[in-house]
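# Tertiary structure, described
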Amino acid sequence: MSIFRRERGGAGRVSVQEAAIRTGHGNAAGSGSGGDAVLLDVREAHEWQAGHAPRAVHLPLSALAAGAGLPAHAQARPLVVICRSGNRSRQAAELLATRGAEAVDVIGGMRDWAGAGLPVVDPQGGNGTVA
């Protein structure tokens, strides 16, 4: 059974808890096991630098909309798309779905991710913040 919900024929949407499980962030130890999906962060560079989920892939929505492709290790894998609040990730997931990707967006984005106690790191691996 899929944990992805579809709304009105568009890309699916998942809660932060579902996203964490799907991407391997779902256990308390944070070992990264258990998920096969790629967490794709579509926020801009300054937001990414402030803090992001460990192992997330960064590709801003602006670059994606301009035609940028996914990194090789993210291609042909399910994508869980996240931004700050869920608006840009919804747009990105829709765009990726039209390109043939299996993509869902995270309801509530990084604000809800951090609020749920899920890890947020800076580029050096220290504690990050959601900008």
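Residues numbered from 1 in each chain as written. Predicted model: local features only at pLDDT ≥ 70, side-chain atom pairs only at ≥ 80, totals over all residues. Heavy atoms only, no water.

## Some points on the environment of His58
For clarity, the cut-off: The way it works is that DSSP assigns letters per residue, a run of H or I at least four long becomes a helix, a run of E at least two long becomes a strand, and they are numbered from the N terminus. Only protein chains enter the calculation, and the probe is 1.4 Å; a residue is then buried if its accessible area is under 20% of its type maximum, exposed if over 50%, and partly exposed in between. Any two residues whose heavy atoms approach within 4.5 Å are treated as being in contact. Here a polar contact is taken to be a pair of N or O atoms separated by no more than 3.5 Å, where protein atoms must pair a possible hydrogen donor with a possible acceptor and residues adjacent in sequence count only if both atoms sit in side chains.
Tracing the backbone through its elements, the reader meets His58 in strand E4 (residues 57-58). Classification of His58 by relative accessible area gives partly exposed; the value is 25%. Contacts of His58, omitting those with residues within four sequence positions, involve Asp41, Arg43, Glu44, Ala45 and Trp48. In terms of polar contacts, His58 uses its side chain to reach the backbone carbonyl oxygen of Arg43, at 2.7 Å.

## Some thoughts on the side chain of Ser89
Along the chain, Ser89 falls in helix H4 (residues 87-98). Judged by relative accessible area, Ser89 falls into the buried class, the value being 0%.

## Some words on the side chain of Asp105
The topology assignment puts Asp105 in strand E6 (residues 103-106). The residues touching Asp105, leaving out its near neighbours within four places in the chain, are Gly12, Arg13, Val14, Val81, Gly86, Ser89, Arg90 and Ala93.

## Looking at H4
For clarity, the cut-off: One fewer than the residue count of a helix, multiplied by 1.5 Å, yields its expected span. Note that the arc is defined by the directions from the helix axis to the C-beta atoms.
Under the 1.5 Å per step criterion, the end-to-end length of H4 is 17 Å for twelve residues, consistent within 8% with the ideal 16 Å. When H4 is considered as a whole, its buried residues turn out to be Ser89, Ala92, Ala93 and Leu96. On an axial view of H4, the arc spanned by its buried residues comes to 100 degrees, and they lie on one face. Residues Asn87 and Thr98 are exposed on H4 and point more than 90 degrees away from its buried face. Against strand E3 (38-41), helix H3 (61-65), strand E5 (79-82) and E6 lie the buried residues of H4. One or two positions beyond H4, positive phi appears at Gly100, with a value near 95 degrees.

## Some points on the confidence of the model for the protein
Note the threshold: pLDDT is defined as a per-residue confidence score from the predictor, taking values between 0 and 100.
Considering every residue of the protein, the mean pLDDT works out to 89; 86% of them sit at 70 or more. Contacts of residues 1-9 to residues separated by more than four positions or lying in other chains number 17 contacts, the stretch itself having pLDDT below 50. Across residues 28-32, where pLDDT falls below 50, the model places three contacts with residues more than four positions away in sequence or in other chains.

## Here's the deal with the environment of Val106
For Val106, the location among the structural elements is in strand E6. A relative accessible area of 0% places Val106 in the buried class. With 21 residues separating them in the primary sequence, Val106 and Ser85 have C-alpha atoms 8.5 Å apart. Once residues within four sequence positions are removed from consideration, Val106 is found in contact with Val14, Ser15, Val16, Ala19, Val80, Val81, Ile82, Gly86 and Ser89.

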